[in-house]
Amino acid sequence: MADIEEMKQAEQQYSANSIQVLEGLEAVRKRPSMYIGDIGERGLHHLVYEVVDNCIDEAMAGYCDTVDVKILEDNSIRVQDNGRGIPTGMHEKEHRSALEVVLTVLHAGGKFDKNSYKVSGGLHGVGVSCVNALSDSLVAEIHREGKIFVQKYSKGKPITPVEVVGESDDHGSIITFHPDPTIFTQTIVYRYETLANRLRELAYLNKGIEITLTDLREKVDEFITTEDGERKTTGRQVFRSDVFYSEHGLREFIDYLDAGAPKLIPEPITVTSDKVIPIDIALQYNTGFSERIYSYVNNIHTIEGGTHLQGFKMGLSRSLKNYAEKNNLLSKFKGELSPEDFREGLTAVISVKVAEPQFEGQTKTKLGNPEAISAVSQATAAAMDQYLEEHPKEGKTIVEKIVLAATARAAARHAREMVQRKTPMGGVGMPGKLADCSDHDPEKCELFLVEGDSAGGTAKQGRDRRIQAILPLRGKILNVEKAAQDRAFESQEVRNIYTALGVTVAQEDETGEKHMDLSKLRYHKVIIMTDADVDGAHIACLILTFFFRYMFDLIANGYVYLATPPLYLVKKGKEERYCWTDAQRDAATAELGRGTDKGVTVQRYKGLGEMSEHQLWETTMDPSRRVLRQITIENAAEAERTFSMLMGDDVPPRRAFIEENAHYANIDA
């Protein structure tokens, strides 16, 4: 009876008055993740992208060629362009300034007027109004019609009217905003590298636009490159800044992405067409074994591909197969070619502009427009046909590469079967060195990939046997960046990882996308635990390269982590402090020594094997105290380039990368 009475009261309380109507931008502040993805670091940076997208739309319409982005001292962002400037006149329907409408009304803006913008970036059309809603301060400064207009906002609401504050001969918009810390509770600190990667990408995708990024939070050493290629410091301190500009667009993007890979053909092949939809493609073959294809729609990275990617793969395969058969280049090859054979060692960027893009997929970044398949396929095949006829030497080289890929694939198929070979008992045999956990709930279970038997033994003794499994790896696993598939699958360590995880090798679906079946994944945390030294970092990089190339879905779903064992143990008497950085070590030494280092001992951990099982558990494995670093891919193209550069054959780009980033690293001697 009590339950029935409670239900009646609940029904009475749930009346028309219970329905909340969120006015203006309140909905954005109430559910920010619906509009920007999340309220963590990714969403924080997405605010900048939304404002910059408006500038790029002006550029695509032909009214803007410079964009300036500054990170201010307090982590505010200032974005300026030389476009037409957001209109400031009175809006006929809203009876207020068009500037205020754009900044306070969702789905308001020129993107919805086909006379203003034929195509535009951004997925939802919420743009700068969403940024305004999630900022505790935003100032819009508009230069147009010879005047300077300014309006100030806080949390999406105007706090001043649109005011004329001066005269100006230039034109454009300046948006300065500070993210609201009550929304972005994790961090409001912008990462320079994250912004730089996206702005660089936009410069390549939109040739002729100069995009500048400057960080006013701190100064760094100024470097110059001499005529003989040596990099030297000038002795001056300057604000960190980069200018991103591309004269030739995707051709230069390919050169940038493929900097660490020896080329198979001298120059990238380009595809351009605007018959059905504007299409811009650049592709390059290298001597490596990885397939790297990046697709974009209206400057949006379609990480799940879609119809434009499907059309590209179809057109490429058709053209190359026809050319090989026509020129009798397959006479000695007795096997069969697979679509993936045509893409081994291929780096390609596909960019299409669609007036009404239809997005689908889990992340809404998969193009669904059916007209893109035939348009991209025909454009790709036509351009490839012309290139192959005009460059027969390069055409023959590409076909020879394809035949080698097909031969290796046949060997890799046998090696893949070895990965999942069944035992006489009907199941897949677990690796002999795997110390499994007793729980069988993947969401609770963790697999530690540990460097060597010594550290593996310590980890086995110190772990929580209920949820933590240990798989020791023998030495350094194969560098899959420099090995064909058959060699990768023949590696015992690689096979052990597959078997322990319980997953199958990624398979290509009908659209040409490769995915793993994760339904039988046995652990939802795969933790790489290596020594805290250079050698351990190299092993971790090798394992991450393997995951990136062969088990990308694990990374994409957030299952891969790095453990962070301490570097130092600082002790004085019975007091002790574990330290992960030199700064922590110095602070702990000062604290325990009470101003002097007398009686304070500092132990430097060279390897996990030097720690007792109790210490390893306490610092690195205990879920209640440890710090895990989740591996995420914010920018797949930049990640591809970095892996290729660091793990590939070409030495000069690797040396340049290390020299450029050495001041961010703390290398143990």
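Everything discussed here concerns the structure shown above.
In this report, we go over the structure that sits alongside the text. (Residues numbered from 1 in each chain as written. Predicted model: local features only at pLDDT ≥ 70, side-chain atom pairs only at ≥ 80, totals over all residues. Heavy atoms only, no water.)

Turning our eyes to something else, we now look at the overall build of the chain. Summing up its helical and strand segments, the chain has 20 helices and 26 strands in all. For the chain, buried positions account for 50% of its 669 residues. In the chain, the share of contacts with a sequence separation of at least 24, taken over all contacts with a separation of at least 6, comes to 69%. For the chain, the computed accessible surface area is about 32700 Å², with 49% contributed by carbon and sulfur atoms. (Helix = DSSP H or I, 4+ residues; strand = E, 2+ residues; numbered from the N terminus. Buried < 20%, exposed > 50% of the residue type's maximum accessible area, 1.4 Å probe, protein only. Contact = heavy atoms within 4.5 Å. Areas by Shrake-Rupley, 256 points an atom, 1.4 Å probe, with all protein chains shown as cover.)

Negative phi values dominate among residues other than glycine, just as trans dominates among peptide bonds. At Lys-155, a position not held by glycine, the phi torsion is positive, near 55 degrees. One can find Lys-155 in the loop between β4 (147-154) and β5 (157-158). Backbone geometry places Asn-328, a non-glycine residue, at a positive phi of 55 degrees. On the accessibility criterion, Asn-328 (54% relative accessible area) is exposed.

What follows covers the pattern of salt bridges. Going through the model one piece at a time under the given rule, you end up with 27 salt bridges. With its nearest N and O atoms 3.5 Å apart, the salt bridge here joins Arg-251 to Glu-267. Of this pair, Arg-251 sits in helix α8 (residues 250-257) while Glu-267 is found in the loop between α8 and β10 (269-273), placing the two residues 16 residues apart along the sequence. For Arg-251, a relative accessible area of 32% translates into the label partly exposed. Across the pair Glu-591 and Arg-577 runs a salt bridge, and its minimum N-O distance is 2.9 Å. Taken as a pair, Glu-591 in helix α17 (residues 582-593) and Arg-577 in strand β24 (residues 575-579) lie far apart in primary sequence, 14 residues in all. (Salt bridge = Lys/Arg side-chain N within 4 Å of Asp/Glu carboxyl O.)

As a further point, take the state of the cysteines. Enumeration over the complete set of coordinates arrives at 0 disulfides. Lacking any disulfide linkage, Cys-55 is separated from the closest cysteine sulfur, that of Cys-64, by 6.0 Å. (Disulfide = S-S within 2.5 Å.)

Attention now goes to the pairing of strand β21 (residues 525-529). Along β21, 4 of the 5 residues are buried, which leaves the element largely enclosed by surrounding structure. Pairing of strand β17 (residues 446-451) with β21 involves 5 bridges; the strand directions are parallel. Bridged to Leu-449 within β21 is Ile-528. Direction of pairing for β21 relative to strand β22 (residues 560-563): parallel, over a ladder of 3 bridges. Bridge assignment links Ile-528 to a residue of β22, and that residue is Leu-562. (Pairing = 2+ DSSP bridges.)

Turning next to the pairing of β24. Inspection of the sheet shows strand β23 (residues 568-572) paired to β24 by 5 bridges, in the antiparallel sense. If you follow Lys-571 over to β24, its bridge partner there is Glu-576. In textbook terms, the turn of a hairpin is the stretch between consecutive antiparallel strands, and for β23 and β24 this stretch comprises 2 residues, one of which, Gly-573, has a positive phi near 65 degrees.

The nonpolar side chains of soluble globular proteins are, as a tendency, buried together. The biggest cluster of nonpolar side chains holds 51 residues, and the ones touching the most others in it are Val-48, Val-69, Ile-77, Phe-177, Tyr-190, Ile-211 and Leu-213. Take this core: its biggest share by element is 9 residues, from helix α4 (residues 41-60). Not counting residues within four places of it along the chain, the set of residues in contact with Tyr-190 comprises Leu-44, His-45, Leu-47, Val-48, Ile-71, Asn-75, Ile-77, Phe-177, Pro-179, Leu-195 and Arg-217. In this structure, Leu-449, Ala-469, Tyr-523 and Met-551 belong to the second largest nonpolar core, which totals 43 residues. (Core = buried A, V, L, I, M, F, W, Y, C linked by side-chain atoms within 4.5 Å.)

Taken residue by residue, α8 has Leu-250, Phe-253, Ile-254, Tyr-256 and Leu-257 as its buried positions. All buried residues of α8 lie within an arc of 160 degrees about the axis, which places them on one face of the element. (Arc of directions from axis to C-beta.)

Running from N to C, helix α7 (residues 192-205) and α8 point in directions that differ by 140 degrees, and their axes come no closer than 7 Å. Between α7 and α8, the interaxial angle falls into the category oblique. On the side of α7, the interface is formed by Arg-200, Glu-201, Tyr-204 and Leu-205, while α8 contributes Leu-250, Glu-252, Phe-253 and Tyr-256. Class assignment for the residues of the contact of α7 with α8 results in 5 nonpolar, no polar and 3 charged. (Axes fitted to C-alpha atoms, helices over the stretch in contact; angles between N-to-C directions. Parallel < 35°, antiparallel > 145°, perpendicular 65-115°, else oblique. Nonpolar A, V, L, I, M, F, W, Y, C, P; charged D, E, K, R; others polar.)

A separate point is the packing of aromatic side chains. Aromatic ring pairs are defined here through the distance separating the ring centres and the angle between the ring planes. The full count for this structure, using the stated rule, is 7 aromatic pairs. Each ring, one from Phe-546 and one from Phe-547, has its centre 5.6 Å from the other, and the planes form 45 degrees; the classification is tilted. There is no split in this pair, since Phe-546 and Phe-547 are both buried. Three or more aromatic residues joined by ring pairs make a cluster, and in this case those are Tyr-204, Phe-253, Tyr-256 and Tyr-296. For Arg-585, the ring lying beneath its charged end belongs to Tyr-568, and the centroid distance is 4.9 Å. (Phe/Tyr/Trp six-rings, centres within 6.5 Å; stacked < 30°, edge-to-face > 60°. Lys NZ or Arg CZ within 6 Å of the ring centre and 35° of its normal.)

Structurally, Thr-458 is set in helix α12 (residues 452-462). A relative accessible area of 11% means that Thr-458 is categorised as buried. In this structure Thr-458 touches Gly-609, Met-611, Ser-612, Glu-613 and Leu-616, once residues within four positions along its chain are discounted.

Reading across from one edge, β24-β23-β25 is the order of the 3 strands in this open sheet, with antiparallel pairing throughout. Two strands bound the open sheet, and with one partner strand each, they are β24 and β25 (601-604). Going from strand to strand, the sheet's axes swing by 20 degrees on average, the running direction of each strand aside. In terms of strand pairing, β23 meets β25 through 4 bridges, oriented antiparallel. By the bridge assignment for β25, Leu-569 is matched with Gln-603. Strands in contact with α17 are β23, β24 and β25; relative to β23, the strand with the most contacts, it is inclined by about 5 degrees.

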